[in-house]
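Spelled out, the chains give:
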Amino acid sequence: WNFMASLGIIGGTSVFKSSIFQSLQPVTVDTPHGAVELLSGDKFAFVQRHHAEVGGEYRQPHLINKRSLVAALKKHGVSAVVGVFSVGTLKPDTIPVGSVVIADDFFCPSDPISMVQDYSAHVVPTFNQELRDKVVSALSAAGCNPVTSGTYAQTFGPRFETKSEIRFLAQHADLVGMTGAHEAVLCQELGLPFIMVCFVDNLCNGIQDSGLSVEKFKQGVSENQPMVDKVIRVVLEAALPGCISASIEKCEVVDTIVHAKWIVPVEPKNVVLEDHAVVVNKGVILDILPSASVSHKYIGSAVHRLKDHVLAPGLVNAHTHASMTLMRGKCDDKPLMEWLTTEIWPIEGALVAPDFVVAGLRLGMAEMVRGGTTCFNDMYFFSDSLAKAVDEFGMRAVLGLVVLDFPSAYAKGGDEYFAKGLEVAKKGSDLVSFAWAPHAPYTCGDDNLMRIKELADEMNTPIHIHLHETADECNHSEAGAESPAAHRSPHAMRPAANLKRMGLMTQRLVAAHMTHCTDDEVAMFAEAKANVVHCPTSNLKLASGFCPVAKLAAGGVNVAIGTDGASSNNSLDMMAEMKTAAVLAKAVASDATAVDAATALQMATLNGARALGLGDKTGSLVKGKQADMMAVKLEDVWATTPVYNAISTLVYAANRDSVSDVWISGKHLLQSGKLVTVDVADLKAAVAFHKAKVLEVCPMKTA
């Protein structure tokens, strides 16, 4: 095509996913109408119309700054523009879903915009015939079977049209969309030949009595993706032979590539990689490399460019009771034993059942993923039902096989707890594993603890227990007192010493709380390579004491972080917990250097994974590990700017609302702040139902 020196392409998300554009480099172009970020190659450039504004969020079609898009392409030096748009068909008999249409006319009831603000030019939106003929010829020769004529109706947007509106439009046009005529006028004003390639993704609302939904629209776009990629290749190669580098064809195709301004792998500690990318395939981290080098090696089916974000390992909540979100706020401002005996245990005795624990778990998982948590260590009843729910949701979890000396709604006694636990333990998956979970020394006696030790050794599982949570637990146990807080052992000693006596003080031990810990016990944990889970907010709220985190860490003990349950915290917010853990440790140690930001982040990620026996699978961004990641936006003018140190900003300034995206085993569970596996209305209804049941059992007390 002799008139063609370079080609500009305007398109949406499906065009952006084309492997061709992954070889291009982002370039910012300033125009009188605003700055635009486009992807630039030697002979062609692409602008993603929904995300074109520098620093901007996703924009609906009617809100796109079309002046800046076209002006940026002109300034960048393109000699023609092809608009690639998703459309609906008004004539399904002749133009079915899946068709590629090269439109030849417009029906535009509203005035197209002009390059001059608030002025509608005397310019008719039309297509360049020479460019159109060339594209039709190239697509036909390549077997794309384009529909070579069709009138495109441009509507206002952003909504889908009513059935009556569609019937009216069908009298005058063949296709309908929310943009196109604007670009046609703007290109003509700037002397740029323009055509449109339309991909029919849907039946318009009311056509053939079929209503159009966002879900159907997205499904159509997804199904058309292979054809979009093919058409883009054909058009570019026909217009600009050789413009698609041969090296692109040799690249490895992978599932996901995530580019970020900063990457904090955690392993090695205190390292920040700027302008790097994580490459993911089949749920595993395949590579971490500079963004500029990605296009020479990989093509991603999904590509994310997070220019204002830090990408870090997903957080690991190393101690929680996720189902207890249903008791959030039910009994506040009471000490631990009163809190347990007057409200929590009575509610559990009356209501705990599979539907109750699953509803609470679903709420808890939604909260955790929304806040960047990708893995949690849970202790609650009906672990068989919990395991199924976790798998369905897509989180990673270590679920406790609960053991008590007392009957509960789950089991009548020790033998049944063990029988159920052994059966459930057979039902693990890639995401779900198990730990033996004796509740606490004051609810689980020596005989059951010894049995747990034998089974944990045999099954190679962690042992998850509440330990040294209160001063009464330690003091009453050491005194051999008859007390509900004392351990259920004939031996008058501190509970940790009793666990050591029985052989449970090993690297399998995951001890939650440890708010009362002597120097000798620090040495005991270090020698045994046992793990401590620090739950600062819950301990502060219940006035349980202060875990000596700085001493433990200095002594070589692996210290992780947990939220505890939402009924004592009252959230499952690991971002907040991480900051609290860091600043509280400084106050307890009277040392501002204790538990620095990098250490706090490691405690909330890798240390938690190691405590749960998952350190080789998750907790850091390392080649070969599962792609459990969170993206946190740091360029928030109200909270996180300026950024001098990405780790410091992540730990001390960011919050869970800053988390934009979460991947677990490469699956994108949180996208731009929205949970993709959660039916929010259904979740709210379930929570409301169980709240009513809780209030029936235990009404709120008035002053």
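Quick look at the structure, then.

The rules behind these values
- Residues numbered from 1 in each chain as written.
- Predicted model: local features only at pLDDT ≥ 70, side-chain atom pairs only at ≥ 80, totals over all residues.
- Heavy atoms only, no water.
- Axes fitted to C-alpha atoms, helices over the stretch in contact; angles between N-to-C directions.
- Helix = DSSP H or I, 4+ residues; strand = E, 2+ residues; numbered from the N terminus.
- Parallel < 35°, antiparallel > 145°, perpendicular 65-115°, else oblique.
- Left-handed = near helix turned anticlockwise from the far one by under 90°.
- Contact = heavy atoms within 4.5 Å.
- Nonpolar A, V, L, I, M, F, W, Y, C, P; charged D, E, K, R; others polar.
- Buried < 20%, exposed > 50% of the residue type's maximum accessible area, 1.4 Å probe, protein only.
- Phe/Tyr/Trp six-rings, centres within 6.5 Å; stacked < 30°, edge-to-face > 60°.
- Salt bridge = Lys/Arg side-chain N within 4 Å of Asp/Glu carboxyl O.
- Pairing = 2+ DSSP bridges.

## Quick look at the packing of helix α2 (residues 66-76) against helix α5 (residues 181-189)
Inference 1: The geometry of α2 relative to α5 is characterised by a closest axis approach of 10 Å and an angle of 45° between their N-to-C directions. Regarding the angle of α2 to α5, the classification is oblique. Relative to α5, the crossing made by α2 is right-handed. For the pair α2 and α5, contact is made by Lys66, Arg67 and Val70 and by His182, Glu183, Leu186 and Cys187, respectively.
Inference 2: Its residues assigned to classes, the contact of α2 with α5 shows three nonpolar, one polar and three charged.

## Quick word on the packing of helix α10 (residues 354-370) against helix α23 (residues 680-697)
Inference 1: Where α10 meets α23, the closest approach of the two axes is 10 Å, and the angle between their N-to-C directions is 130°. In terms of axis orientation, α10 runs oblique to α23. Crossing geometry of α10 relative to α23 is assigned as left-handed. From α10, Asp355, Phe356, Ala359, Arg362, Leu363 and Ala366 reach across to α23, where they touch Asp682, Leu683, Ala686, Val687, His690 and Val694.

## With respect to the environment of Leu621
Inference 1: In this fold, Leu621 is placed in the loop between α21 (606-611) and β23 (629-633).
Inference 2: Taking C-alpha positions, Leu621 is 23 Å from Pro462, a pair spaced 159 residues apart along the chain.
Inference 3: Discounting chain neighbours no more than four positions away, the residues touching Leu621 are Ile263, Val264, Pro265, Glu267, Val278, Ile285, Ile288, Leu311, Ala312, Pro313, Asp628 and Met629.

## Some thoughts on unusual backbone geometry
Inference 1: Cis geometry is found at the peptide bond from Asn569 to Asn570, where omega equals 20°.
Inference 2: Positionally, Asn570 belongs in the loop between β22 (558-561) and α19 (574-589).
Inference 3: Here the amide bond leading from Thr641 into Pro642 is cis, since omega sits at -5°, within 30 degrees of zero.
Inference 4: Note on placement: Pro642 falls in the loop between β23 and α22 (646-652).
Inference 5: Unusually for a residue other than glycine, Asp275 sits at a positive phi of about 50°.

## Things to note about the environment of Asp133
Inference 1: Mapped onto the fold, Asp133 is located in helix α3 (residues 129-141).
Inference 2: In this structure Asp133 comes out as partly exposed when scored by relative accessible area, which is 40%.
Inference 3: Put simply, Asp133 and Ile102 are 31 residues apart on the chain and 9.4 Å apart in space, counted from C-alpha to C-alpha.

## Side note on the packing of aromatic side chains
Inference 1: Under the definition given, this model contains nine aromatic pairs.
Inference 2: Pairing Phe127 with Phe194 gives two aromatic rings, centres 6.3 Å apart and planes at 20°, and the pair type is stacked. Placement of Phe127 in the loop between β7 (105-107) and α3 and of Phe194 in strand β10 (residues 194-203) is noted, with a sequence separation of 67 residues between them. The pair formed by Phe127 and Phe194 is uniform in burial state, with each residue classed as buried.
Inference 3: Measuring from centroid to centroid gives 5.5 Å for Phe418 and Trp436, while their planes differ by 45°, and the two rings are tilted.

## Concerning the pattern of salt bridges
Inference 1: Applying the stated criterion across every chain yields a total of 25 salt bridges.
Inference 2: The salt bridge involving Lys541 is made with Asp332; its shortest N-O contact spans 2.8 Å. Remark: Asp332 occurs in the loop between β15 (315-320) and α9 (336-351) and Lys541 occurs in helix α17 (residues 536-541); sequence separation between them is 209 residues.
Inference 3: For Lys541, a relative accessible area of 27% gives the class partly exposed.
Inference 4: One salt bridge connects Arg488 with Asp405, and the closest N-O pair in it is separated by 2.7 Å. One end of the pair, Arg488, is in the loop between α14 (471-479) and α15 (495-501); the other, Asp405, is in the loop between β17 (396-403) and α12 (414-424), and 83 residues separate them in sequence.
Inference 5: Through salt bridges that share partners, Arg328, Glu367, Asp573 and Arg656 make up one connected network.

## What to know about helix α11 (residues 383-393)
Inference 1: Taken as a whole, α11 has its buried residues at Ser383, Ser385, Leu386, Ala387, Ala389, Val390 and Phe393.
Inference 2: The inward-facing, buried residues of α11 abut α10, β16 (373-378), β17, α12, β18 (432-438) and β25 (667-671).
Inference 3: Among the residues trailing α11, Gly394 stands out with phi positive, at a value near 100°.

## Comments concerning the pairing of β16
Inference 1: Burial within β16 is extensive, with six of its six residues counted as buried.
Inference 2: Two elements, β15 and β16, share four bridges in a ladder whose sense is parallel. Bridging across to β16, Val316 finds its partner in Cys375.
Inference 3: Relative to β17, β16 runs parallel, the two being bridged by four bridges. What sits directly across from Phe376, in β17, is Ala397.

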